[in-house]
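Report on the structure
One-letter residues, chain by chain:
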Number of protein chains: 2
Amino acid sequence: MNTQTLILAILNFGDASGYEIKKFSTEGSFSYFVDISYGSIYPTLAKLETDGFVTCQTESQDGKPDKKVYSITDIGRHEFVSALSTPPNSDKFKSEFLLVAICADLTTPEVMAQAIDKRMGELEAKLEMIRSLREECDHPATHWVSRYGEHVKQADLTYLRENRDALMALATQAKFGEAAE
Amino acid sequence: MNTQTLILAILNFGDASGYEIKKFSTEGSFSYFVDISYGSIYPTLAKLETDGFVTCQTESQDGKPDKKVYSITDIGRHEFVSALSTPPNSDKFKSEFLLVAICADLTTPEVMAQAIDKRMGELEAKLEMIRSLREECDHPATHWVSRYGEHVKQADLTYLRENRDALMALATQAKFGEAAE
DNA sequence: TAGGCCATGTAACCGGTTACATGATTAG
DNA sequence: CTAATCATGTAACCGGTTACATGGCCTA
């Protein structure tokens with residue numbers, strides 16, 4: 001999914017500046033399944049404006065820097081809806097944790113424990129965030145996605161909790177390297 | 001996680017050629033949490049060899065092209081284990097499906113149904129693959145990861161099955177655009 | 001007064017993909 | 001006869017990140 005479609009999606013929920021778009025994609029309703037950086041937001045917004053998909057209005061604020069607020073246009077919305085209509089690509093998923101887990105017998109209990117705890121902490125934080133999304137807005141589709149995310153992440157966390165010991169046991173077994181040293 | 005560590009991890013499970021590494025990362029035990037292409041495998045293998053992390057032996061086969069079989073060295077294994085020891089980065093997750101879902105009210109029931117069915121099909125296939133991994137090998141850590149994956153993907157699929165109708169309902173509601181056209 | 005937040009933007013860089021080149025063998 | 005599998009490799013390209021530049025305000 002390209003940055004353009006993502007930004008259009010965010011702007012379709014409401015006007016925003018580049019800075020706000022970044023926040024939204026990092027902390028808002030979209031944050032658990034996308035991510036973009038300023039380095040791609042600002043150039044894309046510029047391109048979006050020249051293409052007529054968004055318009056821009058500079059707002060002066062006192063005590064804060066000027067703000068360039070972007071709004072999606074009808075052409076932009078049309079572009080976005082037609083992008084939505086093409087069958088979505090499969091989820092992209094990469095997990096370093098699972099690489100460590102699958103190599104559990106090569107690591108030490110310390111390393112493994114640290115990796116598990118880090119992951120559990122992240123999962124808990126993400127769950128908390130996903131849940132809080134529902135309190136902040138009552139958009140039905142956002143609720144559906146939030147519950148979906150909650151369900152899946154909860155299943156993830158539950159498995160980790162219940163099988164932490166089993167994984168630790170694999171990391172605890174004697175390593176061939178240790179005997180030789 | 002860089003290609004280098006990933007290839008080292010695969011070679012740590014056994015000798016392999018570039019072609020086999022690709023297969024392994026696409027269909028094997030690693031396939032559901034990583035992916036790499038030839039364009040990154042072959043150059044990385046070359047670099048790995050000059051760095052002394054792997055050795056290479058060319059095997060002639062009759063009826064098939066020559067095969068360059070790579071083996072991890074002790075230095076390579078050491079490099080890999082030390083890479084494993086640094087706390088793993090968070091999972092990378094991107095979902096176009098969720099973008100469509102969160103914009104359900106902008107799409108048509110047809111588009112939504114297609115997206116859901118595609119996803120469910122993919123999930124079922126992935127589940128099947130994850131389960132089959134356990135029958136092919138009895139490496140304990142691989143089993144742990146496989147059960148983990150199964151659990152999470154199963155939760156995903158279950159939610160989709162049970163809440164498909166709710167999402168469809170959101171896509172079915174009248175769109176503002178339709179009234180105007 | 002140091003650091004964090006607000007706010008925009010650019011340039012260099014990089015990891016990785018896509019597409020291509022090559023070619024023999026086997027299965028349908 | 002076509003398509004797929006086996007097998008290695010390169011070059012162009014590309015999307016996106018990182019790091020930097022700039023600067024005022026507010027809080028600790």
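Residues numbered from 1 in each chain as written. Chains lettered and ligands numbered in written order. Predicted model: local features only at pLDDT ≥ 70, side-chain atom pairs only at ≥ 80, totals over all residues. Heavy atoms only, no water.

Looking now at the protein's contact with DNA strand C. What surrounds DNA strand C is a group of 21 residues, the closest being Tyr19 and Lys68 of chain A together with Thr3, Ser37 and Gly63 of chain B. Take the atoms of DNA strand C that sit within 4 Å of the protein: sugar and phosphate atoms are 71% of them. Contacts to DNA strand C include Thr3 of chain B, whose side-chain N or O atom sits 2.6 Å from a phosphate oxygen. Those elements giving two or more residues to the surface near DNA strand C turn out to be helix 2 (18-27), helix 3 (38-50) and strand 2 (64-72) of chain A together with helix 3 (38-50) of chain B. It is strand 2 of chain A that provides the largest number of residues to the surface near DNA strand C, a total of 6 residues. (Near = heavy atom within 4 Å. Polar contact = N/O pair within 3.5 Å; in protein donor to acceptor, adjacent residues only side chain to side chain. Helix = DSSP H or I, 4+ residues; strand = E, 2+ residues; numbered from the N terminus.)

Residues and elements named next belong to chain A. Examined at the domain level, chain A breaks down into domain 1 (3-85) and domain 2 (96-180). Put simply, the middle of domain 1 and the middle of domain 2, counted by C-alpha atoms, are 32 Å apart. Taken together, the contact between domain 1 and domain 2 spans 7 residues of the former and 10 residues of the latter. A buried area of about 610 Å², summed over both sides, lies between domain 1 and domain 2, and 73% of it is on carbon and sulfur atoms. Considering only the surface of domain 1 that becomes buried against domain 2, Phe13, Ser29 and Tyr32 emerge as the three largest contributors, covering 77% of it. Run the count over domain 1 and domain 2 and you get 2 residue pairs in polar contact (both at pLDDT 80 or more). Looking at the side of domain 1 that touches domain 2 residue by residue, the classes come out as 3 nonpolar, 3 polar and 1 charged. (Domains from an automatic or database assignment. Contact = heavy atoms within 4.5 Å. Buried area = accessible area lost by both parts, 1.4 Å probe. Nonpolar A, V, L, I, M, F, W, Y, C, P; charged D, E, K, R; others polar.)

Near DNA strand D there are 21 residues, and of these Thr3 and Ser37 of chain A together with Tyr19, Gln61 and Lys68 of chain B occur at the shortest range. Counting only the atoms of DNA strand D within 4 Å of the protein, the fraction contributed by sugar and phosphate is 71%. A distance of 2.8 Å separates a phosphate oxygen of DNA strand D from a polar atom in the side chain of Tyr19 of chain B. Contact between DNA strand D and Tyr42 of chain B: a phosphate oxygen at 3.0 Å from a side-chain N or O atom of the residue. If you list the elements that add at least two residues to the surface near DNA strand D, you get helix 3 of chain A together with helix 2 (18-27), helix 3 and strand 2 (67-72) of chain B.

Before going further, it helps to examine the relation of the copies chain B and chain A. In summary, the two copies of the chain are related to each other by a rotation about an axis coupled with a shift along it. If you rotate chain B by 180° and push it 0.0 Å along the axis, it lands on chain A with an RMSD of 0.1 Å. In short, the pair behaves as if placed about a two-fold rotation axis. Across chain B, the rotation axis passes nearest the C-alpha of Phe93 of chain B, at a separation of 2.3 Å. A share of 98% of interface residues in chain B that are also interface residues in chain A marks the association as one of identical surfaces. (Least-squares fit on C-alpha atoms with pLDDT ≥ 70 in both.)

Attention now goes to the pattern of salt bridges. Residue and element names in this part refer to chain A. Evaluation of the coordinates by the stated rule reveals 24 salt bridges over all chains. One salt bridge connects Arg134 with Glu150, and the closest N-O pair in it is separated by 2.9 Å. Pair noted here: Arg134 is in helix 6 (residues 109-136) and Glu150 is in helix 7 (residues 140-172), with a separation of 16 residues, a long-range link. Looking at Arg134, the relative accessible area reads 19%, which means it is buried. Given a relative accessible area of 17%, Glu150 falls into the buried group. What you see here is one network of salt bridges that share partners, running through Glu128, Arg131, Arg134 and Glu150. (Salt bridge = Lys/Arg side-chain N within 4 Å of Asp/Glu carboxyl O. Buried < 20%, exposed > 50% of the residue type's maximum accessible area, 1.4 Å probe, protein only.)

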